[in-house]
Amino acid sequence: MAITPTNFAVIDLDAIAYNVAALKARVGPGAALWAVVKANAYGHGAVPVARAALAAGASRLAVARIREGVELRQAGIEAPILVMGYHLPNEAEAAVAHDLIMTVNDVAFARALDDQARDAGKTTPIHVKVDTGMGRFGLLPEELLDFLESVTRFPHLELEGLWTHFATADEPDKGFARQQFAMFRYAAFLARDRFEIPMLHAANSAAILDLPETYLDAVRPGIAIYGLYPSGEVSMDAALRPALTLVSHVGRVRTLPPGASVSYGRAFIARRHTRVALLPIGYGDGIHRLLSNRGQVLIRGQRAPIIGRVCMDNIMVDVSAIEGVQEGDEAVLIGRQGDEVITAEEVAAWAQTINYEVTTALMPRVYRDFRGR
Ligand SMILES: *Cc1c(COP(=O)(O)O)cnc(C)c1O
């Protein structure tokens, strides 16, 4: 790239590798680590992150959508890919064509997958989800045995694993998570009495940090491989390294007189002479509109408040208190600049959301600058 784009996310692949290695060390040799790279690797860039995670010791990848698995395959990635999300039967063909390991939640999908596998001359591994408390999809424990009875009759499907997902592993009270896990263990115990099921898995990042008894055969970390913690209420002793820095640049800088207004709805009115810098980045890039009149950015190592409403393509910041700001200065929206840091968690608090959504919201038009490895 000859020209530095105005907006880019620096993705530190060495941090990804470091986090994967740190999580693997925490989990120990008994369980495999499958890197969750759904939603464009939580906004970080699925293909380079997947490669870095595999090189650092992840043995598989996990995504939510078949399309996401296809993208990884088309980039030449050959590692096993587990698809965790819900799909309609019409997508079974792509799943088989690209050798994706599907989570099967109903007989209609199982039948479609079996048909496609037969036509392709393949046997395809499947995983079955047990709904122990998320209430979204998967089989309730009392439905599980009948369902396994049905899907194991399909000759081109091979039951490889059972899994579940925790609703509250990132909360201080682990009671419900432990209850879910006990329910899962019991369902799996009954199922293994009648069916051969090589793998059980349950743990997300929060469970990796706080519930070592849930590691089973594999763990499925997402947020932690990006160097972020699932909440402020989990053990923070893993020394994770955030992998993403979001950078924009100062455009036009000018002084507005008292009484002048900024942006749509005139939600900011200058009370005094105000030095205003334009940053050509907005909600069309993934900057939450809730940052209007509330968020901050770093320029010259200092915090500049966002004034007025966040637009699709621009925000304005008050740089009256920062000496010498000029066009072309780097502005950091997430990450470190000099001695100051704006964390994804801080942005999440301004936007009334969680760090997961802050990075995942970054749109494709924000250039990803992969560094390291
Ligand atoms: C997204 C997801 C994960 C990863 O969760 P984190 O909290 O990001 O670690 C694990 N399992 C399933 C089923 C998921 O959907």
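Residues numbered from 1 in each chain as written. Predicted model: local features only at pLDDT ≥ 70, side-chain atom pairs only at ≥ 80, totals over all residues. Heavy atoms only, no water.

Engineer: Quick question: what am I supposed to make of the site of the ligand here?
Structural biologist: Taken together, 13 residues surround the ligand, and among them Lys38, Tyr42, Ser205, Ile223 and Tyr356 come closest. The separation between an oxygen atom of the ligand and a polar main-chain atom of Gly222 is 2.9 Å. Here the ligand has 390 Å² of accessible area as a free molecule, and 92% of this is covered by the chains. Counted by class, the shell around the ligand contains 7 nonpolar, 4 polar and 2 charged residues. (Near = heavy atom within 4 Å. Polar contact = N/O pair within 3.5 Å; in protein donor to acceptor, adjacent residues only side chain to side chain. Areas by Shrake-Rupley, 256 points an atom, 1.4 Å probe, with all protein chains shown as cover. Nonpolar A, V, L, I, M, F, W, Y, C, P; charged D, E, K, R; others polar.)

Engineer: What's the story with the pairing of strand 2 (residues 32-36) in this structure? I'm lost.
Structural biologist: Residues in a regular strand project their side chains so that they alternate between the two faces of the sheet. Counting buried positions over the 5 residues of strand 2 gives 4, a clear majority of the element. Sheet analysis places strand 2 next to strand 9 (residues 218-219), joined by 2 bridges and oriented parallel. Looking across to strand 9, one finds that Ala32 is bridged to Ala218. (Buried < 20%, exposed > 50% of the residue type's maximum accessible area, 1.4 Å probe, protein only. Helix = DSSP H or I, 4+ residues; strand = E, 2+ residues; numbered from the N terminus. Pairing = 2+ DSSP bridges.)

Engineer: What is the right way to read the sheet that holds strand 5 (residues 101-104) from this model?
Structural biologist: In sheet architecture, strand pairing relies on hydrogen bonds along the backbone and comes in two forms, parallel and antiparallel. Overall, parallel pairing links the 8 strands, which are arranged 2-3-4-5-6-7-8-9 in a closed barrel. Of the strand pairs in this sheet, strand 8 (residues 199-203) and strand 9 are connected by 2 bridges, and their pairing is parallel. Looking at the pairing, His201 lines up with Ala218 of strand 9. In the packing of helix 6 (residues 107-120) onto the sheet, contacts are made with strand 5, strand 6 (124-129) and strand 7 (157-163), and the angle to strand 5 comes to roughly 155°. (Contact = heavy atoms within 4.5 Å. Axes fitted to C-alpha atoms, helices over the stretch in contact; angles between N-to-C directions.)

Engineer: How should the environment of Phe166 be read in this particular structure?
Structural biologist: Tracing the backbone shows Phe166 in the loop between strand 7 and helix 8 (175-194). Take Phe166: its relative accessible area is 3%, and that puts it in the buried class. Sequence separation between Phe166 and Ala203 is 37 residues; the distance between their C-alpha atoms is 7.5 Å. Ignoring anything within four residues of it in the chain, the contact list for Phe166 reads Met134, Ala177, Gln180, Phe181, Ala202, Ala203, Asn204, Ala207 and Thr214.

Engineer: Where do I start with helix 3 (residues 46-55) in this structure?
Structural biologist: Since there are 3.6 residues in each turn of an α-helix, residues three or four apart along the chain are aligned in direction. Buried residues of helix 3: Ala46, Val47, Val49, Ala50, Ala52 and Ala53, and no others. Looking at the packing, one finds that the buried side of helix 3 touches strand 1 (8-12), helix 1 (13-27), strand 2, helix 2 (38-42), strand 3 (60-63) and helix 4 (66-74). Note on helix 3: the residue one or two positions beyond its end, Gly57, has a positive phi of about 120°.

Engineer: I'm lost on the pairing of strand 16 (residues 302-307) in this one. Help?
Structural biologist: Pairing of strand 15 (residues 296-299) with strand 16, which is carried by 4 bridges, proceeds in the antiparallel orientation. By the bridge assignment for strand 16, Ile299 is matched with Gln302. Where strand 15 folds back onto strand 16 in an antiparallel hairpin, the turn is made up of 2 residues, including Arg300, whose phi is positive at roughly 50°. Relative to strand 17 (residues 315-318), strand 16 runs antiparallel, the two being bridged by 2 bridges. Residue pairing for strand 17: Ile306 is matched across the bridge by Val317.

Engineer: I tried to follow helix 8 on my own but got confused; where do I start?
Structural biologist: Under the 1.5 Å per step criterion, the end-to-end length of helix 8 is 30 Å for 20 residues, consistent within 8% with the ideal 28 Å. Residues Ala177, Gln180, Phe181, Phe184, Ala187, Ala188 and Ala191 constitute the buried set of helix 8. Buried residues along helix 8 cover an arc of 130° about the axis, so they all sit on one side. Pointing more than 90 degrees away from the buried face of helix 8 are the exposed residues Tyr186, Phe189 and Asp193. (Expected span 1.5 Å × (residues − 1). Arc of directions from axis to C-beta.)

Engineer: Even after reading the chapter, I still don't get the environment of Val83, so can you show me in this structure?
Structural biologist: By secondary structure assignment, the location of Val83 is in strand 4 (residues 81-83). Along the backbone, Val83 and Lys38 are 45 residues apart, and their C-alpha atoms lie at a distance of 9.1 Å. Those residues in contact with Val83 that lie beyond four places of it in its chain are Val63, Ala64, Arg65, Ile66, Leu100, Ile101, Met102 and Thr103.

Engineer: Please explain the packing of aromatic side chains as it appears in this structure.
Structural biologist: Two measures describe an aromatic ring pair: the distance that separates the ring centres and the angle between the ring planes. With the rule as written, the count across this model stands at 5 aromatic pairs. Ring pairing ties together the aromatic residues Tyr42, Tyr226 and Tyr356, which thus form one cluster. Lying across the ring of Phe137, Lys129 places its NZ or CZ 4.4 Å from the centre. Between the NZ or CZ atom of Arg241 and the centre of the ring of Tyr18, over which it lies, the distance is 4.8 Å. (Phe/Tyr/Trp six-rings, centres within 6.5 Å; stacked < 30°, edge-to-face > 60°. Lys NZ or Arg CZ within 6 Å of the ring centre and 35° of its normal.)

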